[in-house]
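Each chain, letter by letter, is given below.
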Amino acid sequence: DGGITQSPKYLFRKEGQNVTLSCEQNLNHDAMYWYRQDPGQGLRLIYYSQIVNDFQKGDIAEGYSVSREKKESFPLTVTSAQKNPTAFYLCASSMLQEGHGYTFGSGTRLTVV
Amino acid sequence: ELKVEQNPLFLSMQEGKNYTIYCNYSTTSDRLYWYRQDPGKSLESLFVLLSNGAVKQEGRLMASLDTKARLSTLHITAAVHDLSATYFCADETSGSRLTFGEGTQLTVNP
């Protein structure tokens, strides 16, 4: 079955540590996105990519980095520069043709310990 | 600035009642999406509205789109507890990017 897989489901980060969240899709979608969601809040766009080896900053890119070396994969690194990383992180993918919307992964809950 | 505004942001209603969630958007793309999110879970696609006057229904939920008013509505008929969730609308800009509203947190009480 086609889908989008995020791992791990839960992740704990120590102060000053970088951590990487995985996002893989087998839907042959061109575009991939990373969102952050804080409790009781909406979605805020971190980064997105519409083509391999290219990506753009979203609204809250500071303290995060991404890569898009393969069409299927769009990992997100939360660096030590992100001072308040505790949140729910959602990855999504879409076709570039309009009218299809996003498919979301199941999310990764990141907690600083 | 691209904006998508939902109201209300919080809605508490009794089982069996009807209510409408409103979504105003600012772009001219006229493609509008509704998603549902259960607590601690990801977003699930509910409706895709692609033209003026589009109406989609699934069970007790019905979504519509008025592109002239740049307004979409999500109508809940005879609410049941299982509909308790957060509902997001999203407007599509060029290149298939979505701009999300803040979400409406719906609680259906017995």
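Basis of the calculations
Residues numbered from 1 in each chain as written. Chains lettered and ligands numbered in written order. Predicted model: local features only at pLDDT ≥ 70, side-chain atom pairs only at ≥ 80, totals over all residues. Heavy atoms only, no water. Contact = heavy atoms within 4.5 Å. Buried area = accessible area lost by both parts, 1.4 Å probe. Salt bridge = Lys/Arg side-chain N within 4 Å of Asp/Glu carboxyl O. Polar contact = N/O pair within 3.5 Å; in protein donor to acceptor, adjacent residues only side chain to side chain. Helix = DSSP H or I, 4+ residues; strand = E, 2+ residues; numbered from the N terminus. pLDDT = per-residue confidence, 0-100. Core = buried A, V, L, I, M, F, W, Y, C linked by side-chain atoms within 4.5 Å. Buried < 20%, exposed > 50% of the residue type's maximum accessible area, 1.4 Å probe, protein only. Patch = residues over 30% accessible without salt bridge, like charges linked within 9 Å, V, L, I, M, F, W, Y side chains within 5 Å. Areas by Shrake-Rupley, 256 points an atom, 1.4 Å probe, with all protein chains shown as cover. Lys, Arg positive; Asp, Glu negative; His and termini not counted. Pairing = 2+ DSSP bridges. Axes fitted to C-alpha atoms, helices over the stretch in contact; angles between N-to-C directions.

Student: Explain the interface of chain B and chain A to me, please; I cannot follow it from the model alone.
Tutor: Think of interface size as the accessible area that goes away when the parts come together; that is how it is often given. Chain B puts 20 residues into the contact, and the matching count from chain A is 24 residues. Summing both partners gives a buried area of about 1,600 Å² for chain B against chain A, and 52% of it is carried by carbon and sulfur. Counting across the interface, chain B meets chain A through zero salt bridges. For the interface between chain B and chain A, the tally reads seven residue pairs in polar contact (both at pLDDT 80 or more). Looking at the side of chain B that touches chain A, the element that brings in the most residues is strand β4 (residues 32-37) of chain B, giving three residues.

Student: How should I be thinking about the confidence of the model for chain A in this particular structure?
Tutor: For chain A, per-residue confidence averages 93 on the pLDDT scale, and residues scoring 70 or more make up 99% of the total. Least confident of the elements in chain A is strand β2 (residues 10-13) of chain A, whose mean pLDDT is 93; most confident is strand β7 (residues 64-66) of chain A, at 98.

Student: I'm lost on the nonpolar core in this one. Help?
Tutor: Taken as a class, soluble globular proteins show a tendency for nonpolar side chains to be buried jointly. Core analysis: the biggest nonpolar cluster contains 23 residues, and L32(B), W34(B), L74(B), I76(B), Y87(B) and L106(B) have the highest contact counts within it. At the level of secondary structure, the elements contributing two or more residues to this core comprise β2 (10-14), β3 (19-25), β4, β5 (43-49), β7 (61-66), β8 (71-76), β9 (85-92) and β11 (104-109) of chain B. With residues up to four places along the chain from it excluded, the contact list for L106(B) reads L11(B), M13(B), I76(B), L83(B), S84(B), A85(B) and Y87(B). Core analysis: the second largest hydrophobic core is formed by 20 residues, V19(A), V66(A), Y89(A) and L110(A) among them.

Student: I keep staring at a nonpolar patch on the surface and nothing clicks. Help me out?
Tutor: Taken together, the side chains of Y10(A), F12(A) and V113(A) present a nonpolar region at the surface, about 370 Å² in accessible area. Its place among the elements puts Y10(A) in strand β2.

Student: Please explain the side chain of D91(B) as it appears in this structure.
Tutor: Residues and elements named next belong to chain B. For D91, the position within the fold is in strand β9. Here D91 sits buried without a salt bridge, and the closest side chain of opposite charge, R31, lies 7.3 Å off (N-O distance). Those residues in contact with D91 that lie beyond four places of it in its chain are V4, Y25, S26, T27, S29, D30, R31, L32, R97, L98 and T99.

Student: So what exactly am I meant to see when it comes to the sheet that holds strand β6 (residues 55-58) of chain B here?
Tutor: Hydrogen bonds between backbone atoms are what pair the strands of a sheet, whose relative direction is either parallel or antiparallel. All names here are of chain B. Taken together, five strands build an open sheet; the order of strands is β1-β3-β8-β7-β6 and the sheet is antiparallel. Pairing within the sheet leaves two strands with one partner each, and these edge strands are β1 (4-7) and β6. Across the sheet, the mean angle separating the axes of adjacent strands is 15° when strand polarity is ignored.

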